[in-house]
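# Structure assessment
The lines below spell out each chain.
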Amino acid sequence: MSDASAGRNGVALTERQKISWLRLIRSDNVGPIAFRDLINHFGTAENALDALPELSRRGGTRQTYRVASVSEVERELEAARRHGAVFIGIGEAAYPSALRQIDGAPPLLAMKGDLSAAGRPSLGIVGSRNASVSGAKFAAMIALDAGRAGYVVTSGLARGIDTAAHRASLDTGTIAALAGGLDRPYPPENVGLLEEITAGRGLAISEMPFGWEPRARDFPRRNRLIAGISLGVAIVEAAHRSGSLITARYAADFGRLVFAVPGSPLDPRCHGTNDLLKQGAIVTTGPDDVIEALAPLSRLELPLPGVREPDGQARAGVPVSASDRDRAAVSTALGPTPVEIDDIVRHTGLSPAQVYLLLLELDLAGRLDRHAGGLVSLATPE
């Protein structure tokens, strides 16, 4: 496993911090945004862990709140070591630099392979699982030329277009984003391909726990990783309602370039890509279309934001208080329709810090839904 830290800035987590971070992100209802807000409020993951049950109670949970235990995360860390993987925090040098820039980036990623791949500019390539011969060949052409131009190719290890993109970039570098744990790759027939990726110049990444079997709802999270890691995403053959279109939508939301390969109107596998072209995606009829558009972006020096804990002694965040009346005001302001947090602040007259704290309580209690663009709404009861 090579070192990705040369020439890049980052702060390594201590072993104690890594355990606390992993415990926090594996606790009930703690997603990446709640994780960030907890660190911002309490200063460290260690402080936040102690506060989770009370915050959840204030948010209205009626269930016993589960905080991930030290023994639970130590077992996961040991599973990672056995698998030859490591956990990389968002502020560490080996974390993919473009992924840091998105709202709600995973605070920790499990990684296996050549860590230097995460430090290179990336092109995402995704498309139909039931790819045509010409579609797979074209995806491989883009991947091969992009690799020669210095880009690492990121995809989702799926059948069809993903497989073609990974195979064409084995020698130049490829990243496989997984929907399940690193030890639960999908589909089974690509286990050998994943081993080739991690044994060479490639990298496998996942935000899910070791042992996690991927479910249908986990694949959009995998697609979000692909879009977040990449400066642009090329879509080759995608039907209506294809998962590849989810990747394209995330890429557009993140301000990344979206490339689409036109196809026959008679081929259902091309209906989605043709629609993307109508919506303004970059027409892609050859690798040069992609490489020329990405060139100005690949020269950008991205800043190093993200979740950071203070050096030295753990500190508590600035105390923020909120009354039951304040909680009622925020709950009343929310409904099933997504709203901006700034609108809640203006509507309630509370300070932004108070509103963020109260939304965090609702989130930990499972009563808040977060949407693209930072919008929030009350969770719909299941």
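All values derive from a computational prediction rather than experimental measurement. (Residues numbered from 1 in each chain as written. Predicted model: local features only at pLDDT ≥ 70, side-chain atom pairs only at ≥ 80, totals over all residues. Heavy atoms only, no water.)

Looking now at the pairing of strand β6 (residues 203-206). Residues Leu-203 and Ile-205 line one face of β6 and the alternating positions Ala-204 and Ser-206 line the opposite face, and both faces are buried. Bridge analysis of strand β2 (residues 108-113) against β6 gives 4 bridges, and the strand direction is antiparallel. For Gly-113, the partnering residue across the bridge sits in β6 and is Leu-203. Pairing of strand β5 (residues 174-177) with β6 involves 3 bridges; the strand directions are parallel. Residue pairing for β6: Ile-175 is matched across the bridge by Leu-203. Read as a crossover between parallel neighbours, the route from β5 over helix α8 (residues 191-199) to β6 is right-handed. (Buried < 20%, exposed > 50% of the residue type's maximum accessible area, 1.4 Å probe, protein only. Helix = DSSP H or I, 4+ residues; strand = E, 2+ residues; numbered from the N terminus. Pairing = 2+ DSSP bridges. Right-handed = clockwise from strand over helix to strand, strands pointing away.)

What follows is about helix α4 (residues 70-83). Taking 1.5 Å per residue, 14 residues should reach 20 Å; α4 reaches 20 Å between its end C-alpha atoms and fits that length. Of the positions making up α4, those classed as buried are Val-73, Glu-76, Leu-77, Ala-79 and Ala-80. When α4 is viewed along its axis, its buried side chains cluster within an angular range of 155 degrees and face the same direction. The exposed residues of α4 that point more than 90 degrees off its buried face are Arg-75 and Arg-82. Looking one or two places after α4, you find Gly-84, whose phi comes out positive at around 75 degrees. (Expected span 1.5 Å × (residues − 1). Arc of directions from axis to C-beta.)

Turning next to the nonpolar core. For soluble globular proteins, nonpolar side chains are generally found buried alongside one another. With 74 residues, the main nonpolar core has Leu-24, Val-30 and Leu-38 as its most contacted residues. Take this core: its biggest share by element is 6 residues, from helix α3 (residues 45-59). (Core = buried A, V, L, I, M, F, W, Y, C linked by side-chain atoms within 4.5 Å.)

Right, let's get into the sheet that holds strand β3 (residues 122-127). Pairing is mixed across the open sheet formed by 9 strands, whose spatial order is β1-β2-β6-β5-β4-β3-β7-β8-β9. If you trace the sheet from one side to the other, it starts and ends with β1 (86-89) and β9 (282-283), each paired once. The sheet contacts of helix α1 (residues 15-25) involve β1 and β2, and relative to β2 the element is tilted by about 115 degrees. (Contact = heavy atoms within 4.5 Å. Axes fitted to C-alpha atoms, helices over the stretch in contact; angles between N-to-C directions.)

The interhelical angle for the contact between helix α14 (residues 341-348) and helix α15 (residues 352-364), taken along N-to-C directions, is 115 degrees, at an axis separation of 10 Å. By crossing handedness, the relation of α14 to α15 is classed as right-handed. Here Ile-341, Ile-344, Val-345 and Thr-348 of α14 come into contact with α15, specifically with Pro-352, Val-355, Tyr-356 and Leu-359. Classifying every residue of the contact of α14 with α15 gives 7 nonpolar, 1 polar and no charged. (Left-handed = near helix turned anticlockwise from the far one by under 90°. Nonpolar A, V, L, I, M, F, W, Y, C, P; charged D, E, K, R; others polar.)

Two packed helices can be described by the angle between their axes and the distance between those axes. Where helix α2 (residues 32-42) meets α15, the axes come as close as 10 Å, and the angle between the chain directions of the two elements is 135 degrees. Here α2 is positioned oblique relative to α15, judged by the angle of their axes. The two elements α2 and α15 cross, and the hand of that crossing is left-handed. Contact with α2, carried on its side by Ala-34, Asp-37, Leu-38 and His-41, involves Tyr-356, Leu-357, Leu-360, Asp-363 and Leu-364 of α15 and no other residues of that element. Across the contact of α2 with α15, the residue classes tally to 6 nonpolar, 1 polar and 2 charged. (Parallel < 35°, antiparallel > 145°, perpendicular 65-115°, else oblique.)

Turning to the environment of Ala-80, a few remarks are in order. With respect to the element layout, Ala-80 can be found in helix α4. It is 20 Å that separates the C-alpha atoms of Ala-80 and Leu-225, two residues lying 145 residues apart in sequence.

Attention shifts here to the pattern of salt bridges. Going through the model one piece at a time under the given rule, you end up with 25 salt bridges. Glu-72 serves as the salt-bridge partner of Arg-66, at 3.2 Å between the closest nitrogen and oxygen. By relative accessible area, Arg-66 is classed as partly exposed at 34%. With its nearest N and O atoms 3.3 Å apart, the salt bridge here joins Glu-78 to Arg-81. Separated by 3 residues within a single helix, Glu-78 and Arg-81 lie in helix α4, roughly one turn from each other. Given the relative accessible area of 34%, Glu-78 is considered partly exposed. Shared partners join several salt bridges into a network, and the residues in it are Glu-54, Arg-57, Arg-58, Asp-324, Arg-327 and Glu-361. (Salt bridge = Lys/Arg side-chain N within 4 Å of Asp/Glu carboxyl O.)

Let us look at the side chain of Thr-198. Tracing the sequence through the fold places Thr-198 in helix α8. On the basis of relative accessible area, Thr-198 is assigned to the buried category, the value being 16%. Among the polar contacts listed, one links the side chain of Thr-198 to the backbone oxygen of Glu-195, at a separation of 3.4 Å. For Thr-198, the residues in contact, after removing those within four places along its chain, are Lys-112, Gly-113 and Ala-204. (Polar contact = N/O pair within 3.5 Å; in protein donor to acceptor, adjacent residues only side chain to side chain.)

To continue, consider helix α12 (residues 287-298). Given a rise of 1.5 Å per residue, 12 residues ought to cover 16 Å, and the 16 Å separating the end C-alpha atoms of α12 matches this to within 8%. All buried positions along α12 are accounted for by Pro-287, Val-290, Ile-291 and Leu-294. For α12, the buried positions fall inside an angular range of 90 degrees around the axis, keeping them on one side. In this structure, the buried residues of α12 make contact with β3, α6 (133-148), β7 (232-236) and β8 (257-260).

One can find Thr-163 in helix α7 (residues 161-168). At 3.0 Å, the side chain of Thr-163 forms a polar contact with the side chain of Asn-190. If near-sequence neighbours (up to four positions away) are discounted, Thr-163 is found in contact with Ala-158, Asn-190 and Leu-193.

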